[in-house]
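In case you want the letters, here they are:
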Amino acid sequence: MNPIDDRYIGNVCEIRSFSNELIGIGVIREVGEDFITIGARDSELRLFNTFQKIKLNIFNSKVGFTVIICEVLASTRKMLRVVSPIKIVDHERRQGFRVSVDLHARISISREKLESGDYEDLQVVWIKDMSICGLKIHSDRKYILGQVVWLTFELDERTKLTVKAQFVRDTDVEGDGDMREYGIKLLFDREEDSDKLCSYLFKAQREQSQKIR
């Protein structure tokens, strides 16, 4: 089901990456049951890869400003068609497309120790939600704000990420005096790792939205 309708036809929309980089401006030309067609506005559109995940900021003075995440089905210089549109609500928009999860991760001060499997030096934490920019984790250990570590976690059976991260926030976990909640900023060294996380977030958000419908 499409979260927007024909009232948005003719409206200007920004085409942005999940990291919020502006990568195009178009006009809504068609709204189908599970697709949106965007036409070029002042200049030709860039070409997008099929299945690329993008974000649309759609402006409408009567219906309201709307943010949609979706994936590319077809792309030309004059037209962009996207499918599987999902509306991002206000708190997700502010948090950078944040998805609730329940995963465990291993942390170490060096990537070499993570990859060597030297478990005596590894610490386990629990990821409670994630965005393309960072994670919210729970841990019974004390970490220092500003500390940079390496962590590894499995997104699914075939995808594992090993990334550098920095502790930027901490609070108490209500009802559990031994557990701390930390905000972690992800520091990607490779663009492909960021793409893997984007794909996972898109899939997880779509699955969660389908359960709610």
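Everything below is about the structure printed above this text.
So, a few notes on the structure that sits alongside this text. (Residues numbered from 1 in each chain as written. Predicted model: local features only at pLDDT ≥ 70, side-chain atom pairs only at ≥ 80, totals over all residues. Heavy atoms only, no water.)

1. Examining the environment of Gln 123
The topology assignment puts Gln 123 in strand S8 (residues 123-130). Sequence separation between Gln 123 and Ala 105 is 18 residues; the distance between their C-alpha atoms is 8.2 Å. Ignoring sequence-local partners within four residues, the contact set of Gln 123 consists of Ala 105, Arg 106, Ile 107, Arg 141 and Tyr 143. Of note is the side chain of Gln 123, whose polar atom sits 2.5 Å from the side chain of Tyr 143. (Helix = DSSP H or I, 4+ residues; strand = E, 2+ residues; numbered from the N terminus. Contact = heavy atoms within 4.5 Å. Polar contact = N/O pair within 3.5 Å; in protein donor to acceptor, adjacent residues only side chain to side chain.)

2. Comments concerning the pattern of salt bridges
A side chain with one charge may pair with a side chain of the opposite charge, provided their charged atoms come close. By the definition in use, this model includes twelve salt bridges. A salt bridge links Arg 81 to Glu 30, with the shortest nitrogen-to-oxygen separation between them at 2.9 Å. Of this pair, Arg 81 sits in strand S6 (residues 79-87) while Glu 30 sits in strand S2 (residues 22-31), and the two are 51 residues apart along the sequence. For Arg 81, a relative accessible area of 26% corresponds to the partly exposed category. For Asp 102, the salt bridge goes to Lys 128, with nearest N and O atoms at 3.6 Å. Of the two residues, Asp 102 is situated in strand S7 (residues 99-108) and Lys 128 in strand S8; the sequence distance between them amounts to 26 residues. Under the relative-accessibility criterion, Lys 128 is labelled partly exposed at 29%. Linked through salt bridges whose partners overlap, the residues forming this network are Lys 142, Asp 170, Asp 172 and Arg 180. (Salt bridge = Lys/Arg side-chain N within 4 Å of Asp/Glu carboxyl O. Buried < 20%, exposed > 50% of the residue type's maximum accessible area, 1.4 Å probe, protein only.)

3. Some details on the pairing of strand S11 (residues 160-173)
Here strand S10 (residues 148-154) runs beside S11; their pairing, made up of seven bridges, is antiparallel. Bridge pairing in S11 links Thr 152 to Thr 162. Counting the residues that bridge the hairpin from S10 to S11 gives five residues. (Pairing = 2+ DSSP bridges.)

4. Thoughts on the pairing of S10
The buried fraction of S10 is high, at five of seven residues. Judged from the three bridges that link them, S7 and S10 form a sheet pairing that is antiparallel. When the bridges of S10 are listed, Ile 107 appears paired with Leu 151.

5. Focus on the sheet that holds S2
Sheet architecture is closed into a barrel: six strands sit in the order S1-S2-S3-S6-S5-S4, paired in antiparallel fashion. Across the sheet, the axes of successive neighbouring strands diverge by a mean angle of 45°, strand direction being ignored. Sheet topology note: the S2/strand S3 (residues 35-40) ladder contains five bridges and is antiparallel. Considered in S3, the bridge of Val 27 is made with Gly 39. (Axes fitted to C-alpha atoms, helices over the stretch in contact; angles between N-to-C directions.)

6. Focus on the environment of Val 72
If you trace the backbone, Val 72 turns up in strand S5 (residues 66-75). By relative accessible area, Val 72 is classed as buried at 1%. Separated by 18 residues in the primary sequence, Val 72 and Ile 54 have C-alpha atoms spaced 7.5 Å apart. Every residue in contact with Val 72, bar those within four places of it in the chain, is listed here: Phe 48, Asn 49, Thr 50, Phe 51, Gln 52, Ile 54, Leu 80, Arg 81 and Val 82.

It is worth stressing that arrangement in space is one thing and function is another; only the former is reported here.
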